[in-house]
Amino acid sequence: MKQSEYLKILNLVKISLKEYSDWGENEIYKYLVADTKASKSILQATKQKTFSTEILYSKEELGKLREEINSCKKCPLGESRLNAVFGVGSPSADLIFVGEGPGYDEDHKGEPFIGKAGHLLTKIIEAMGQTRETVYIANIVKCHPMIDPSNSEKRANDRPPTPEEMSVCRNYLDMQLEIIKPKIIVTLGASSTKGLLNNKEPISQIRGLVKEYKGIKLMPTYHPAALLRNPNLKKFVWEDMKKVMHFLDTREI
Ligand code: SF4
């Protein structure tokens, strides 16, 4: 074997050990003694195996976090909720949508965005060529903020989360972001945008502008509930989503 080939393999192995540390050194050592072609193909297989290992790891970590949230009472919303609403979607999604908090339907079913606004969000996701299973959907607070917390069965009992509630619960969203490692966040509406960016501008001014949260690109846009009230806003959301799609395709925005 030529020295250059040997060095090339050694370099690949170094990268492999760094990136794919769940493989033991002995496994990697075997590649050193194999010929270049075989090493590359085994390394490819290593990557594929590790890719699925990473997804399994994320699933497990998300599962543990879900359990923690299910019993959380760190803020008063934990006392009145029926179900904590953790999040749904791919544990390795590139795109995550973040809303403000669960409403009546979500509180009853324990899943985010399943009411009328959720149905519209699903349509937007599908128009982007994705599904609820390929993206991730979560909220900045995991429990239903109610106007009258004594009656979880009352309809139209929703209110936006307070800054205090968002600041206590945001830690859980941060952990979700750390596990999932999305490439871009779409905040839906004024509350989740303010909760992450602490901005002063109204959503009508900040939407469509590319921001960052913890090193992750962030696109603020209108909440689907606002589109149900005012369908004229749909064209703005679609403009924003086109920028997101372009970023997902090219990593440029
Ligand atoms: S809203 Fe968040 S911090 Fe408050 S009780 Fe629910 S999970 Fe805990």
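These numbers come from a predicted model, not from an experiment.

1. Let's talk about the site of the ligand
- For the ligand, the full set of nearby residues is I69, C72, K74, C75, L77, G78, R81, K142, C143, V168, C169 and Y172.
- Those elements giving two or more residues to the shell around the ligand turn out to be α4 (77-80) and α7 (163-180).
- Residues that form the shell around the ligand fall into these classes: eight nonpolar, one polar and three charged.

2. Considering the packing of aromatic side chains
- On inspection of all chains with the given rule, the structure shows one aromatic pair.
- The residue whose ring lies beneath R251 is F247, and the NZ or CZ to ring-centre distance is 5.9 Å.

3. Digging into the side chain of Q176
- In this structure, Q176 sits in helix α7.
- Reaching out from Q176, the side chain makes a polar contact with the backbone oxygen of F86 at a distance of 3.0 Å.
- If sequence neighbours within four positions are ignored, Q176 has contacts with L62, L65, F86, G87, Y136, A138, K142 and K181.

4. Overview of the sheet that holds strand β2 (residues 95-99)
- With mixed pairing, six strands are arranged side by side in an open sheet as β1-β3-β2-β4-β6-β5. Taken across any chain shown, the strands that pair with only one partner, and hence form the sheet edges, are β1 (88-89) and β5 (211-213).
- Inspection of the sheet shows strand β4 (residues 184-188) paired to strand β6 (residues 216-221) by five bridges, in the parallel sense. In the sheet register, T187 faces β6, and the bridge partner there is P220.
- In the packing of α7 onto the sheet, the strands contacted are β2, β3 (136-139), β4, β5 and β6, and the crossing angle to β3 comes to about 165 degrees.
- Across the sheet, helix α11 (residues 234-250) lies against β2, β4 and β6, angled at about 165 degrees from β6, the strand it touches most.

5. With respect to helix α8 (residues 190-197)
- Taken together, the buried positions of α8 are S191, S192, T193, G195 and L196.
- Taken together, the buried residues of α8 touch β2, α7, β4, α9 (203-206), β5 and β6.
- Once α8 finishes, N198 follows within two positions and takes phi at roughly 55 degrees, a positive value.

6. Observations concerning the nonpolar core
- One finds Y136, I140, L173, L177, I185 and L196 to be the most contacted residues of the largest nonpolar core, which totals 28 residues.
- Elements represented by at least two residues in this core include exactly α3 (36-70), β2, β3, α7 and β6.
- Among the elements that make up this core, the one with the highest residue count is α7 (seven residues).

7. So, the pairing of β3
- Of the two faces of β3, the one holding Y136 and A138 and the one holding I137 and N139 are both buried throughout.
- Pairing of β1 with β3, which is carried by two bridges, proceeds in the antiparallel orientation. Across the sheet, the residue bridging to G89 is Y136, located in β3.

8. Here we look at the environment of I114
- Inspection of the secondary structure assignment puts I114 in the loop between α5 (104-109) and α6 (116-127).
- Its relative accessible area of 32% is what places I114 among the partly exposed residues.
- A C-alpha to C-alpha distance of 9.4 Å links I114 and P102, two positions 12 residues apart in sequence.
- Other than its neighbours up to four places away in sequence, I114 contacts D105, E106, K109 and R132.

9. With respect to α7
- End to end, α7 covers 25 Å across 18 residues, agreeing with the expected 26 Å (1.5 Å per residue, within 8%).
- Most pronounced at C169, the bend in α7 amounts to some 40 degrees.
- Those residues of α7 lying buried are E165, M166, C169, Y172, L173, D174, Q176, L177, I179 and I180.
- Phi turns positive one or two residues past the end of α7, at K181, with a value near 55 degrees.

Each value, and the rule that gives it
Residues numbered from 1 in each chain as written. Predicted model: local features only at pLDDT ≥ 70, side-chain atom pairs only at ≥ 80, totals over all residues. Heavy atoms only, no water. Near = heavy atom within 4 Å. Helix = DSSP H or I, 4+ residues; strand = E, 2+ residues; numbered from the N terminus. Nonpolar A, V, L, I, M, F, W, Y, C, P; charged D, E, K, R; others polar. Phe/Tyr/Trp six-rings, centres within 6.5 Å; stacked < 30°, edge-to-face > 60°. Lys NZ or Arg CZ within 6 Å of the ring centre and 35° of its normal. Polar contact = N/O pair within 3.5 Å; in protein donor to acceptor, adjacent residues only side chain to side chain. Contact = heavy atoms within 4.5 Å. Pairing = 2+ DSSP bridges. Axes fitted to C-alpha atoms, helices over the stretch in contact; angles between N-to-C directions. Buried < 20%, exposed > 50% of the residue type's maximum accessible area, 1.4 Å probe, protein only. Core = buried A, V, L, I, M, F, W, Y, C linked by side-chain atoms within 4.5 Å. Expected span 1.5 Å × (residues − 1). Bend = angle between axes of the 7 residues up to and from the residue.

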